[in-house]
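Topology and contacts: notes
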Amino acid sequence: MQVLKFGGSSVANAENISKVVAIVLRAIEKSPVVLVVSALGGVTDQLIQTGTLAANGNEEYKQQIKILETKHLDAVRSLLPIQEQSATLSWVKQQLNELESLCDGIFLLGELSPRIKDRLVSYGELLSSYIISARLQSMQVKQQWVDSRQLIITNDQYGNAAVNFAKTEALIRAYFKEHVCQLYVAPGFIASNELKHTTTLGRGGSDYTGAIYAAALGTATLEIWTDVSGMMTADPRLVQHPKHIERISYQEAMELSHFGAKIIYPPTIQPVMRKNIPVWIKNTFDPDAPGTIIEQKVISDNEIIRGISSINSISLLSLEGSGMIGIPGFSKRLFETLAARNINVILITQSSSEHSICVGISESDAAAAQKSIDQAFAYEIETGKVDPVKVENELSIIALVGEQMKSHPGISGKMFGVLGKNGINVRAIAQGSSEKNISAVLSAKDVKKAINVLHEVFFETTYKQLNVFIAGAGNVGGKLIGQIQQQVNYLKEHLRLQIQVVGIANSKKMLLNDSGIQLANWKEELMNAADANIHAFVQAIAERNLRNSVFVDVTANAEVAGVYSELLQKSISVVACNKIACSSSYNNYKHLKSLAREYNASFLFETNVGAGLPVIGTLNDLLRSGDKVNKIQAVLSGTLNYVFNYYDGTVSFAQIVKRAQEEGYTEPDPRLDLGGTDVMRKIMILAREAGEKIEMEDIANEYFLPASCFEGSVLDFYAEMEKQEPHFKSLYDAANAVGCKLKFVAVYDQGKAKVGLQHIPAESDFYHLYGKDNLVLFYTDRYPEQPLVIKGAGAGADVTASGVFADIIRVAGV
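Described in the following lines is the structure provided in the data block. (Residues numbered from 1 in each chain as written. Predicted model: local features only at pLDDT ≥ 70, side-chain atom pairs only at ≥ 80, totals over all residues. Heavy atoms only, no water.)

1. Considerations on the overall build of the protein
Broken down by element type, the protein carries 28 helices and 29 strands. With respect to the three principal axes, the spread of C-alpha positions in the protein is 120 × 70 × 55 Å. Across the 814 residues in the protein, those meeting the buried criterion constitute 53%. With an accessible surface of roughly 34,600 Å², the protein has 49% of that area assigned to carbon and sulfur atoms. Taking the average place of the 77 positive charges on the side chains of the protein and the average place of its 87 negative ones, the gap between the two points comes to 4 Å. (Helix = DSSP H or I, 4+ residues; strand = E, 2+ residues; numbered from the N terminus. Buried < 20%, exposed > 50% of the residue type's maximum accessible area, 1.4 Å probe, protein only. Areas by Shrake-Rupley, 256 points an atom, 1.4 Å probe, with all protein chains shown as cover. Lys, Arg positive; Asp, Glu negative; His and termini not counted. Charge placed at Lys NZ, Arg CZ, Asp CG, Glu CD.)

2. Regarding the packing of aromatic side chains
For the structure shown, the criterion picks out 26 aromatic pairs. Consider the rings of Tyr-647 and Phe-653, whose centres lie 5.2 Å apart with planes at 90°: the pair is edge-to-face. Counting every residue linked through ring pairs, the aromatic cluster contains Phe-644, Tyr-647, Phe-653, Phe-704, Phe-728, Tyr-732 and Phe-744. One Lys or Arg, Arg-274, reaches over the ring of Phe-165 and ends 4.9 Å from the middle of that ring. Looking at Lys-658, its charged tip hangs above the ring of Tyr-718, at a distance of 5.0 Å from the centre. (Phe/Tyr/Trp six-rings, centres within 6.5 Å; stacked < 30°, edge-to-face > 60°. Lys NZ or Arg CZ within 6 Å of the ring centre and 35° of its normal.)

3. Topic: the pattern of salt bridges
Using the criterion set out here, one finds 27 salt bridges in the structure. Taking the shortest distance from any N to any O, the salt bridge between Asp-207 and Lys-5 comes out at 2.7 Å. Of this pair, Asp-207 sits in helix H7 (residues 205-217) while Lys-5 is found in strand E1 (residues 2-6), placing the two residues 202 residues apart along the sequence. Taken individually, Asp-207 and Lys-5 each receive the classification buried, so the pair is uniform in this respect. (Salt bridge = Lys/Arg side-chain N within 4 Å of Asp/Glu carboxyl O.)

4. Details of the sheet that holds strand E20 (residues 530-531)
Overall, mixed pairing links the seven strands, which are arranged E20-E19-E18-E17-E21-E22-E23 in an open sheet. Each edge of the open sheet carries a strand with a single partner, namely E20 and strand E23 (603-604). Alignment of strand E21 (residues 549-553) against strand E22 (residues 573-576), held across four bridges, turns out to be parallel. Each bridged residue has a counterpart across the sheet, and for Val-550 the counterpart in E22 is Ser-573. (Pairing = 2+ DSSP bridges.)

5. Structural notes on the environment of Gly-110
Tracing the chain through its elements places Gly-110 in the loop between helix H4 (86-109) and helix H5 (114-138). Sequence separation of Gly-110 and Ile-357 is 247 residues, and the distance between their C-alpha atoms is 41 Å.

6. Topic: the environment of Val-745
Looking at where Val-745 falls in the secondary structure, it is placed in strand E26 (residues 741-749). Residue class for Val-745 comes out buried when judged on its relative accessible area of 1%. A sequence separation of 108 residues divides Val-745 from Ser-637, and the C-alpha atoms of the two residues are 8.7 Å apart. In this structure Val-745 touches Ala-634, Val-635, Lys-754, Val-755, Gly-756, Gln-758, Ile-760 and Phe-766, once residues within four positions along its chain are discounted. (Contact = heavy atoms within 4.5 Å.)

7. Focus: the packing of helix H2 (residues 43-55) against H4
It is at 7 Å that the axes of H2 and H4 come closest, and there the two elements cross at 35°. Helix-helix and strand crossings are classified by hand; for H2 and H4 the assignment is right-handed. Contacts between H2 and H4 involve Leu-47, Thr-50, Gly-51, Ala-54 and Ala-55 from the former and Leu-99, Cys-103, Ile-106 and Phe-107 from the latter. Looking at the contact of H2 with H4 residue by residue, the class counts come to seven nonpolar, two polar and no charged. (Axes fitted to C-alpha atoms, helices over the stretch in contact; angles between N-to-C directions. Left-handed = near helix turned anticlockwise from the far one by under 90°. Nonpolar A, V, L, I, M, F, W, Y, C, P; charged D, E, K, R; others polar.)

8. Describing the nonpolar core
With 84 residues, the main nonpolar core has Phe-551, Tyr-564, Phe-603, Phe-653, Phe-704, Met-721 and Phe-778 as its most contacted residues. With seven residues, helix H25 (residues 677-689) is the single largest residue contributor to this core. Excluding its chain neighbours within four sequence positions, the residues that come into contact with Phe-653 are Val-643, Phe-644, Tyr-647, Leu-674, Phe-704, Met-721, Glu-725 and Phe-728. Counting 52 residues, the second largest nonpolar core, distinct from the first, contains Leu-40, Ala-75, Leu-99 and Val-141. (Core = buried A, V, L, I, M, F, W, Y, C linked by side-chain atoms within 4.5 Å.)

9. What to know about the side chain of Glu-255
Considering the arrangement of structural elements, one finds Glu-255 in helix H8 (residues 250-258). At 6.4 Å, Lys-436 is the nearest oppositely charged side chain to Glu-255, a buried residue that forms no salt bridge.

10. A few points about unusual backbone geometry
Residues other than glycine seldom take positive phi values, yet Gln-140 does so here, at roughly 65°. Note on placement: Gln-140 falls in the loop between H5 and strand E3 (143-145). Gln-140 sits in the exposed class, given a relative accessible area of 67%.

Structure representation (structure tokens):
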């Protein structure tokens, strides 16, 4: 004997029912089958809506009955030959007339009681099962239609009735012994009480019906046919790459279904588990797929976690007060109060001090629970022994489930560590002594993000995904996007890292795609994207709440730098090419670093100094390993080095600067470079990273540009430089006369910093510095005489983009 149960999606319409029939015909070739079916797809909801309309005095219920009638009569006409339709059409019409009479009574009374509601919704399964039975009968299959209400006996708890297993199993065995057949077709979900009044087994109860028949008959298996190919490690609507679960234990399946997994109705497991009957989850639309087998003992494998599940619309009730400490009975009274109102407790957690106890319940029960608890503890509240119950809404529960957790330490630490790193606040935690699950209560808006980060760390061993938002789509931004696109396959193969660009913004537009922007044509897409500013972009990033989010600033804009704190407080890492934040006030610099630590985010800005050169990284490595930086000497402006390398008086200084700007080596306003401001910022950032509390005004700047060059526009600046050519020529001649070169050097020495033009002799490390190269010398306790030298290209879009790219990879921690 086999039991096959098919859900609403499997019997949604005539086409799907034909698939069900084909599966059943194959099954009965092996052994007799009990076929349990749900209502046609969507019918139960339609019936509830019809009853609610009638109870509210809305005559629209009559139109809903017409829709239901059409749906079922059409199914009969599609499934049965014309010559065999009459009897079934007549029976269906009779049932629908009864339904209409029932709704007329509800309309007149203006009331939909739980008992009448159970009677009302039972028509869905009665109709679907009878129509499917008629279809099989028309195919000459020896079968019987079985009314489950005559065999499954329950109590009077309408809507979610409890089964009397002793009576039910006796009735089922007796019936099947007396009525020997090849196939039995039974409606799921419905039953009756001792008075023969219709009851129901709870939404999803057709699974339970199948399990009741399987347990009573001692079948070899229970097959539950649905619209997915078995259970998955997470909800595929929330996670892009869930894994298929081939086998799972009864206990694990119960935990997952309790915490929101929709594949199987939670009570289903109990009857079959007692009889050690395996449950096979199969796909009606892909019957050859392996599915998932739920059984007593799963052969040990390498999967510590079996799956991740969640329940939404949770409220957390907290009862606390000093009067609870050491006094027995508070928990008992709390749970008795909730039980008296038929309020189901989903999660319980209590502090070891006994000062507080928290319970998680359905949000729909929160108001009634709060009122009942406050009434039950009115005396204690009035005398100050306990506080009025606190209610937090808009919460969810996520649960890690796996029997092997008990033998693997560190799972909780890993779970809460990755949640914290992604800025997900946990409101309550529960773990049973069996260690089959770890549950956490968190904000509903964080559920998708939480499930994804947990799934990534426990299941997706193939790669880690970073979701990158780029502000700045100019020269450096474009090069960065090109480099990411070029390295996609390399990063996946060698670093198990997927960098997914999900947002790009310039000063006027923003382009967003949670599944990843197609980088081959991002420019065209951005051009046609929505109008936006940086604040709208940041708001969109926060609303998406994606895991492992990274904000990349490749602008030179102060307004963009101003949003870093908002992002870091949401645990969104920041990679900054923009120097403005780190060269702002020391307090702001320290505040941003502090926020990054507090909210477990990265704040990286390697390209603030030396473009793609590992200057800041090397400095930090020195300090972390216990070294002390005593002095830094550096040529930190690729622009100024380029200009003084190429200027020899044969071409005007203004023309050399113009060429540098055209080749992308200068800021939009070259005076930031030539005036030394950019170099001041860079040496200040290095000094700060070395531990110095220093501001811009603390740095001496020996200007070489005449004051008149700082007046007016950029065009005025170029014109004035042409006028000042004799001044620039004299600077060159003076250095050349003593065999030196001109270099703009930054120095940090024992807490003091300065920048300025220097004569560099041939024996200096700076003398042989060509093109746009930078050079940094670190004099430390370990490198007192022969400094640690970093040298290379310090300007240019390609190298700057590569430095930003390297910081993005550092965020991933790979």
